[in-house]
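Here's the letter readout for the chains.
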Amino acid sequence: MTEKESKRGMKVIGVTLIIFAILVAPHEGEFWPFSIYPMFSQAGNPWTRAMILDVTDYSEEEIWQQRTNEDFIGDPVAVRQYGVDEIDFSNYVSKTENWTDRRREAIRRMFGLHTFEENRWLVVKANGYLAGEDSVAVDIIPWILLTSEGTELNPNIDNSEYMSGGER
Amino acid sequence: MTWYEKIGHQLFEPKRDQTPGELIFFKVFELFVLFYTIKYAWEWGIYTQLRNTEVVLPLGVANYIDISLMFEWNLALINAAVITLLAVIAFARMGARWFYMVVIVLLHIQYVARFSQGEIPHSMNLIGMSVFAFAIGAIWFPGKKNMPRFVIGAIVFFIGLGYTSAFFAKMIGTGINWYDGRHLWLWISEKSIDVYSTIGYYEPNFLQELALSYLPVASVILLIGWLTELIGFTMWWKKLRPFTVTLLIGMHIGITMTMNIRFDAFVMQLILIGFPWYLLFDKFVQHTPKWIERTV
């Protein structure tokens with residue numbers, strides 16, 4: 001490469017940077033493969049994740065009680081065994097605002113309908129936050145029950161929370 | 001000489017003679033990128049076809065087109081096949097110079113279709129940036145004299161920029177107290193739920209237990225990682241590059257141990273572009289193999 005080509009190389013990088021900025025600026029820092037890498041930039045905020053607990057052997061009354069990450073009931077289901085990416089699943093649950101029938105059913109389909117012929121699985125939200133000065137608390141909130149007949153919502157949670165995105 | 005010309009000298013090294021080792025390394029690197037391009041195209045395509053039914057989070061062009069179209073009619077698999085075909089032809093330099101550009105556009109569509117489910121992963125970004133650098137290189141810097149230098153130099157530039165911008169994103173997003181160890185506690189507990197969800201059980205490792213038991217340890221871990229990101233741009237300088245990249249690889253090992261986040265392709269790529277491997281090839285090879293001459 002010559003001096004002249006090197007100089008041209010920097011100009012091309014400069015133009016690319018402008019395109020980069022134009023693409024990521026209106027898209028919250030992300031326009032793959034361009035990124036300003038904003039992950040973990042907002043530290044200390046409460047978080048929400050999700051997991052599935054196998055509650056086949058538990059009663060309705062036990063299932064719908066809110067618990068913590070130290071005393072939850074049911075065995076955690078390893079979603080990857082079903083070919084599902086755990087981060088995808090977690091984001092699906094935590095970022096869905098309107099739990100329409102279609103969106104609820106999509107979770108059952110994610111794992112294959114035959115899975116629920118014998119099992120009852122509870123989708124739970126895990127909410128983590130700083131509690132006081134020196135500890136982290138994680139609430140486990142029962143969210144949706146997946147059964148052979150379909151899905152059930154937590155009767156202890158107001159229906160409006162399942163449609164927080166409002167009418168679209 | 002202007003400041004940007006000086007950076008250009010460090011990235012593209014116009015005064016250094018080209019050697020057989022450099023061309024061989026370049027083609028090995030391109031093969032690495034080709035492998036991951038095809039791997040991702042199919043993995044994303046198969047997942048999209050099997051699992052995606054709803055768009056949870058539209059990314060990139062999915063903000064403007066209905067990306068759920070890719071969930072039907074095997075479009076994601078067809079896209080993977082087209083990406084594979086074009087990438088292989090581009091690798092062999094048998095097609096048009098803009099083939100890599102088409103590959104990156106199709107790969108972007110594949111990415112946003114696959115990751116319309118809420119996750120925004122970054123472990124594949126370097127492969128994407130590399131394909132993009134090959135696309136620009138093939139169009140504006142074709143030929144063995146210019147393309148290898150431009151492609152590798154551009155990738156080094158954007159990787160360095162990416163780490164440093166990550167530092168500033170944290171500074172802007174949280175402020176100077178970003179390295180407060182309690183933030184690491186929150187992330188460890190967050191990832192513990194992901195681990196439960198992935199494999200069904202979770203046990204903190206030694207480093208996590210140490211960080212959870214001693215706040216200063218957690219703070220120091222975050223501070224070291226954060227400062228390492230800040231100096232990411234120093235990899236633009238040829239002599240500093242191996243040291244900066246070594247620190248960054250160490251940081252990724254730390255991220256894996258504390259937060260259970262693996263960046264396999266990312267780290268492999270850092271290993272490839274961070275060190276002057278061409279010197280090693282030059283020790284054993286006197287002449288450039290003909291097929292490499294033809295395909296660079």
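Every value quoted in this text rests on a predicted model; they were computed, and no experiment measured them.

Asks: When you look at the overall build of chain B in this model, what are you seeing that I'm missing?
Replies: Across its full length, chain B holds 13 helices and zero strands. Based on the C-alpha atoms only, the size of chain B along its principal axes is roughly 60 × 50 × 35 Å. Put simply, of all contacts in chain B between residues at least 6 apart along the chain, 77% involve residues at least 24 apart. Total accessible area on chain B stands at roughly 12,900 Å², and carbon and sulfur atoms take up 70% of it.

Asks: What's the story with the overall build of chain A in this structure? I'm lost.
Replies: When helices and strands are counted, chain A shows four helices and eight strands. Walking chain A from its N terminus toward its C terminus, one meets helices and strands in the order α-β-β-β-α-β-β-α-α-β-β-β. Its C-alpha atoms give chain A principal-axis dimensions of about 75 × 45 × 35 Å. By the burial criterion, 50% of the 168 residues in chain A qualify as buried. A separation threshold of at least 6 residues defines the contact pool for chain A, and within that pool the share at least 24 residues apart is 55%. About 8,400 Å² of surface is accessible on chain A, with carbon and sulfur atoms providing 47% of the total. The average position of the 16 basic charges and that of the 28 acidic charges among the side chains of chain A differ by 15 Å.

Asks: Could you clarify how one ought to interpret the interface of chain B and chain A in this entry?
Replies: Many authors give the size of an interface as the accessible area that is lost as the parts come together. At the interface, 74 residues of chain B touch 68 residues of chain A. For the chain B and chain A pair, buried surface summed over both sides reaches about 6,400 Å², with 64% attributable to carbon and sulfur atoms. Sorting the residues of chain B by area buried against chain A places R51, L186 and I193 of chain B first, and these three jointly supply 10% of that buried surface. Seen at the junction of chain B and chain A, the total is five salt bridges. At the junction of chain B and chain A, the tally comes to 21 residue pairs in polar contact (both at pLDDT 80 or more). Put simply, the parts of the chain that give the side of chain B that touches chain A at least two residues each are α1 (3-12), α2 (20-51), α4 (99-114), α5 (125-140), α6 (147-173) and α7 (181-199) of chain B. The element best represented in the side of chain B that touches chain A is α7 of chain B, accounting for 14 residues.

Asks: How should the packing of α2 of chain B against helix α11 (residues 264-274) of chain B be read in this particular structure?
Replies: Packed helix pairs are characterised by how far apart their axes lie and by the angle those axes make with each other. Residues and elements named next belong to chain B. Direction vectors running N to C along α2 and α11 enclose 170°, while the axes themselves pass 11 Å from each other. The angle between the axes of α2 and α11 places the two elements in the roughly antiparallel class. Of α11, the residues touching α2 (which contributes F25, F29, F32, Y36 and Y40) are A265, M268, Q269, L272 and I273. Its residues assigned to classes, the contact of α2 with α11 shows nine nonpolar, one polar and no charged.

Asks: Mind showing me how you'd approach the pairing of strand β3 (residues 47-54) of chain A here?
Replies: Two faces belong to every sheet, and in a regular strand the side chains alternate between them. Residue and element names in this part refer to chain A. The element β3 is extensively covered by neighbouring structure, given that six of its eight residues are classed as buried. Here β3 pairs with strand β6 (residues 121-131) via eight bridges, running antiparallel. Within β6, the position partnered with D54 by the bridge is W121. Relative to strand β5 (residues 75-76), β3 is paired through two bridges, and the arrangement is antiparallel. The residue of β5 that forms the bridge with D54 is D75.

Asks: Teacher, can you tell me more about the domain arrangement of chain A here?
Replies: Considered domain by domain, chain A is made up of domain 1 (1-31) and domain 2 (41-162). For domain 1 of chain A and domain 2 of chain A, the distance between their C-alpha centroids amounts to 43 Å.

Asks: Before we go on, may I ask you to explain the environment of F167 of chain B in this structure?
Replies: Residues and elements named next belong to chain B. One can find F167 in helix α6. A C-alpha to C-alpha distance of 25 Å links F167 and V151, two positions 16 residues apart in sequence. In this structure F167 touches W226, E229 and L230, once residues within four positions along its chain are discounted.

Asks: In this structure, what is going on with a nonpolar patch on the surface? I would like to understand it.
Replies: All names here are of chain B. Where nonpolar side chains cluster on the molecular surface, the patch consists of I271, W277, L280 and F284 and spans about 410 Å² of accessible area. Its location among the elements puts F284 in helix α12 (residues 277-284). For F284, a relative accessible area of 68% gives the class exposed.

Asks: Sorry, what's going on with the confidence of the model for chain B here?
Replies: As a general rule, the predicted coordinates of low-pLDDT regions are not to be interpreted in detail. Residues and elements named next belong to chain B. Residues of chain B with pLDDT of at least 70 account for 100%, and the chain-wide mean is 92. By mean pLDDT, the top-scoring element of chain B is helix α3 (residues 75-91) (96), and the lowest-scoring one is helix α13 (residues 290-295) (86). Scored by ipTM, the complex comes to 0.86, with pTM at 0.87.

Asks: Where do I start with the side chain of S6 of chain A in this structure?
Replies: With respect to the helices, strands and loops of the structure, S6 of chain A is situated in helix α1 (residues 3-24). Beyond its immediate sequence surroundings of up to four residues, S6 of chain A is in contact with M1 of chain A together with G8, H9, F12 and P14 of chain B.

Asks: Help me out: how do you make sense of the environment of D66 of chain B in this one?
Replies: All names here are of chain B. Inspection of the secondary structure assignment puts D66 in the loop between α2 and α3. Sequence spacing of D66 and A113 is 47 residues, and the spatial spacing of their C-alpha atoms is 9.6 Å. Looking at D66, its side chain comes within polar contact range of the side chain of S68, at 2.6 Å.

Asks: Help me understand the confidence of the model for chain A in this model?
Replies: In this model, chain A carries an average pLDDT of 89, and 98% of its residues clear a pLDDT of 70 or more. Per-element confidence in chain A is highest for β6 of chain A, whose mean pLDDT is 94, and lowest for helix α3 (residues 86-95) of chain A, whose mean pLDDT is 86.

Asks: Which parts of the structure should I look at to understand the UniProt feature "transmembrane region" (unreviewed entry) in chain B?
Replies: Residues and elements named next belong to chain B. UniProt marks residues 24-42, 73-91, 98-116, 122-143, 150-169, 211-228 and 265-281 with the feature "transmembrane region" (unreviewed entry), using the numbering shown here. Along residues 73-91 the backbone is 89% helical and 0% strand, and the end-to-end C-alpha distance reaches 29 Å. As a span, residues 122-143 carries 73% helix and 0% strand, and end to end its C-alpha atoms are 31 Å apart.

Thresholds, definitions, all that
- Residues numbered from 1 in each chain as written.
- Chains lettered and ligands numbered in written order.
- Predicted model: local features only at pLDDT ≥ 70, side-chain atom pairs only at ≥ 80, totals over all residues.
- Heavy atoms only, no water.
- Helix = DSSP H or I, 4+ residues; strand = E, 2+ residues; numbered from the N terminus.
- Contact = heavy atoms within 4.5 Å.
- Areas by Shrake-Rupley, 256 points an atom, 1.4 Å probe, with all protein chains shown as cover.
- Buried < 20%, exposed > 50% of the residue type's maximum accessible area, 1.4 Å probe, protein only.
- Lys, Arg positive; Asp, Glu negative; His and termini not counted.
- Charge placed at Lys NZ, Arg CZ, Asp CG, Glu CD.
- Buried area = accessible area lost by both parts, 1.4 Å probe.
- Salt bridge = Lys/Arg side-chain N within 4 Å of Asp/Glu carboxyl O.
- Polar contact = N/O pair within 3.5 Å; in protein donor to acceptor, adjacent residues only side chain to side chain.
- Axes fitted to C-alpha atoms, helices over the stretch in contact; angles between N-to-C directions.
- Parallel < 35°, antiparallel > 145°, perpendicular 65-115°, else oblique.
- Nonpolar A, V, L, I, M, F, W, Y, C, P; charged D, E, K, R; others polar.
- Pairing = 2+ DSSP bridges.
- Domains from an automatic or database assignment.
- Patch = residues over 30% accessible without salt bridge, like charges linked within 9 Å, V, L, I, M, F, W, Y side chains within 5 Å.
- pLDDT = per-residue confidence, 0-100.
- UniProt positions renumbered as here; feature names shortened; annotations may be inferred.

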